[in-house]
Amino acid sequence: MYFDCIMAGHGGQGILSAGMILAHMAVHSDLHVTWFPSYGAEQRGGTANCAVVISSEEIGSPIISNPLYGLIMNYPSLVKFQPKFKKNAKAVVDLSLVSEEYLTREDVTFYGINATKTANELGSPKISNMVMIGGLLKVSKLFDIDVAKDMLKSALSKRHHYLLPLNREALQKGFDGIKEV
């Protein structure tokens, strides 16, 4: 089993947290994982991305030159990473912030969901990353959605456990709402 993904957006969207949550899920499933964050100097609004590699074998490097999967939450991230995707890659895109017309790679399958809009409808813009993770889980089949919802308890710090029901709902909305574009 091998999975690699670039997750990218702007600071404040929970990109690094999304990657860390996937990493925790992988550890909880007794898989090998690397999580490699990268972000601009700004705390909110600057660029943020991370590379996540999950494997049943030992991982040689956390660096991904040509990702198999992408989780893209804004237009600048699409511009940066769309050319780098491996042929036949799959990318999940927040259609609230990225117009379909910019999804130009013919050899990449793009999946979209209005994650920011969905998060706002659920009452918290901070969970758009969870909506995106739900979509990524459906596209990648990395973890079963019910297993992922159970693993959230170990992925989120105890001080955030009161948010588990909301985060589980966001995961489910993403899983159910993702569509090929």
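Provided above is the structure to which this section pertains.
One numbering rule holds for all chains: residues counted from 1, following each sequence as written. Local features are withheld for residues below a pLDDT of 70 in this predicted model, meaning they are given only at 70 or higher, and side-chain atom pairs are given and counted only at 80 or more; totals for whole chains, interfaces and linings count all residues. The side-chain quantities take in all heavy atoms of the structure and omit both hydrogens and water.

**Considerations on the overall build of the protein chain**
Here's step 1: Comment: elements are numbered from the N terminus, with helices defined as DSSP H or I runs of at least four residues and strands as E runs of at least two. Counting its secondary structure elements, the protein chain contains 6 helices and 7 strands.
Here's step 2: Each helix and strand of the protein chain, placed in order from N terminus to C terminus, yields the pattern β-α-β-β-β-α-β-β-α-α-α-α-β.
Here's step 3: Its C-alpha atoms give the protein chain a radius of gyration of 15 Å, near enough to 16 Å, the size a compact globule of 181 residues would have.
Here's step 4: The C-alpha extent of the protein chain, read off along each of the three principal axes, is 40 × 40 × 35 Å.
Here's step 5: Considering the protein chain as a whole, with its 181 residues, one finds that 50% of them fall into the buried category.
Here's step 6: Carbon and sulfur atoms form 50% of the exposed surface of the protein chain, whose accessible area is close to 8900 Å². A radius of gyration in this sense is built from C-alpha atoms; the matching globule rule multiplies 2.2 Å by the number of residues raised to 0.38. Burial classes follow relative accessibility: with a 1.4 Å probe on protein chains only, a residue under 20% of its type's maximum area counts as buried, one over 50% as exposed, and anything between as partly exposed. To be clear on the numbers: accessible area is Shrake-Rupley with a 1.4 Å probe, and residue cover counts the displayed protein chains and nothing else.

**Some thoughts on the sheet that holds strand β3 (residues 47–55)**
Here's step 1: Ordered in space as β2-β3-β1-β4-β5-β6-β7, the 7 strands form an open sheet in which the pairing is mixed. Strand pairing shows two members of the sheet lacking a second neighbour, β2 (32–39) and β7 (179–180), which therefore form its edges.
Here's step 2: Should DSSP find at least two bridges between two strands, the strands are regarded as paired. Pairing analysis gives 8 bridges linking β2 to β3, with the strands arranged antiparallel. Along β3, the bridge assignment pairs histidine 32 with serine 55.
Here's step 3: Throughout, a contact is declared for two residues whenever any of their heavy atoms are within 4.5 Å. Fitted lines through C-alpha atoms serve as axes, helices being fitted only where they are in contact, and the angles separating the N-to-C directions of these axes extend from 0 to 180 degrees. Contacts from helix α4 (residues 128–140) reach β1 (2–10), β4 (69–72), β5 (90–94) and β6 (109–113) within the one sheet, and its direction differs from that of β4 by about 160°.

**Points about unusual backbone geometry**
Here's step 1: A positive phi angle, near 70°, is found at asparagine 88, a position not held by glycine.
Here's step 2: Tracing the sequence through the fold places asparagine 88 in the loop between α2 (75–81) and β5.
Here's step 3: At lysine 141, a position not held by glycine, the phi torsion is positive, near 60°.
Here's step 4: Relative to the elements of secondary structure, lysine 141 occurs in the loop between α4 and α5 (145–155).
Here's step 5: Using a relative accessible area of 70% as the deciding quantity, one classes lysine 141 as exposed.

**Here we look at helix α3 (residues 115–122)**
Here's step 1: Looking at α3, one finds that the buried residues are Ala115, Thr116, Thr118, Ala119 and Leu122. Buried residues in α3, looked at end-on, bunch into an arc of 160°, giving them a common side.
Here's step 2: For α3, the secondary structure elements touched by its buried residues are β5, β6, α4 and α6 (164–177).
Here's step 3: Where α3 ends, the next residue or the one after it, glycine 123, has phi of about 105°, a positive value. By arc we mean the arc of the directions from the helix axis to the C-beta atoms, nothing more.

**Some details on the pattern of salt bridges**
Here's step 1: Salt bridges, as used here, are contacts in which a Lys or Arg side-chain nitrogen is within 4 Å of a carboxyl oxygen on Asp or Glu. This structure, assessed with the given rule, holds 3 salt bridges.
Here's step 2: Between arginine 105 and aspartate 107 there is a salt bridge whose closest N-O contact spans 2.7 Å.
Here's step 3: Looking at arginine 105, the relative accessible area reads 18%, which means it is buried.
Here's step 4: Overall, aspartate 107 belongs to the partly exposed group, its relative accessible area being 28%.
Here's step 5: Between lysine 117 and glutamate 121 there is a salt bridge, with the nearest N and O atoms lying 3.9 Å from each other. On the criterion of helical spacing, the pair formed by lysine 117 and glutamate 121 is a turn pair, its members being 4 residues apart in helix α3.
Here's step 6: Judged by its relative accessible area of 47%, lysine 117 is partly exposed.

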